[in-house]
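Fold and contact review
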Amino acid sequence: AEDFSLHPQTQIIALFAWLCADQKISAPHLIVTGRASVSNWRQKFKTCSPGYKLMVFDPDNGNDSAEIEFKPKSNKWNVCLVTYATFVRYSRAFMHIAWQYVILDEAHKIDDFSLSKWMFLFRLRCQHRLLLIDD
């Protein structure tokens with residue numbers, strides 16, 4: 001994918017599409033990113049995989065923290081997108097979900113993974129973790 005200059009966001013969305021189509025794994029996935037990248041992720045999902053249901057978890061802008069409760073049969077969302085700041089603030093809300101993939105976008109910006117606020121990222125129940133970093 002690097003040879004074709006595919007953006008890492010596009011590669012992740014392609015992975016999710018493949019998981020859904022070929023492996024029958026559609027959810028739940030968590031993407032933790034910087035605030036500046038939220039609109040980018042939204043746009044990429046809209047253009048690359050419009051059928052995927054994306055929920056941006058942002059209680060400060062009207063999304064209730066109760067919405068994070070994942071009910072597999074409700075089919076409300078496949079991917080939860082959250083900023084690092086919001087994740088740290090509401091980290092306990094994410095702990096009860098068994099995630100398929102947890103994507104840490106802009107992981108190079110995390111100053112010290114040993115800090116207690118980041119430990120929640122590694123306590124999440126998930127099948128896979130991917131860290132996206134810039135060169």
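Relevant structure appears above.
This report concerns the structure included in the present document. Worth saying up front: this structure is predicted, and the values here are computed from it rather than measured.

**Topic: the layout of surface pockets**
Size it by volume and the largest pocket reaches roughly 220 Å³. Surrounding the largest pocket, 11 residues form its lining, His7, Pro8, Asp105, Glu106 and Asp134 being those nearest its centre. When the residues that make up the lining of the largest pocket are grouped by side-chain class, the tally is three nonpolar, four polar and four charged.

**Some thoughts on the sheet that holds strand β4 (residues 99–104)**
One open sheet holds the five strands; their spatial order is β2-β3-β1-β4-β5, and the pairing between them is parallel. If you trace the sheet from one side to the other, it starts and ends with β2 (54–56) and β5 (126–131), each paired once. The average undirected angle you get between the axes of adjacent strands in this sheet is 20 degrees. Across five bridges, strand β1 (residues 29–33) lies against strand β3 (residues 79–83) in parallel orientation. In the sheet register, Thr33 faces β3, and the bridge partner there is Thr83. Each of β1, β3, β4 and β5 touches helix α1 (residues 8–22); the most contacted strand, β4, lies at about 175 degrees to it.

**Some words on the nonpolar core**
Of all hydrophobic cores here, the largest spans 21 residues; its most connected members are Leu30, Phe87, Phe94 and Trp99. Of all the secondary-structure elements, those providing two or more residues to this core are β1, β3, α3 (84–89), α4 (91–94), β4 and α5 (116–123). Grouped together as the second largest cluster of nonpolar side chains are 16 residues, Leu19, Trp41, Ile103 and Leu132 included.

Definitions and cut-offs
- Residues numbered from 1 in each chain as written.
- Predicted model: local features only at pLDDT ≥ 70, side-chain atom pairs only at ≥ 80, totals over all residues.
- Heavy atoms only, no water.
- 1 Å grid on protein atoms, 1.4 Å probe; cavity = no way out; pocket = protein on both sides within 12 Å on 5 of 7 lines; lining within 4 Å.
- Points joined across faces, edges and corners; volume = space filled by probe spheres on them.
- Nonpolar A, V, L, I, M, F, W, Y, C, P; charged D, E, K, R; others polar.
- Pairing = 2+ DSSP bridges.
- Helix = DSSP H or I, 4+ residues; strand = E, 2+ residues; numbered from the N terminus.
- Axes fitted to C-alpha atoms, helices over the stretch in contact; angles between N-to-C directions.
- Contact = heavy atoms within 4.5 Å.
- Core = buried A, V, L, I, M, F, W, Y, C linked by side-chain atoms within 4.5 Å.
- Buried < 20%, exposed > 50% of the residue type's maximum accessible area, 1.4 Å probe, protein only.

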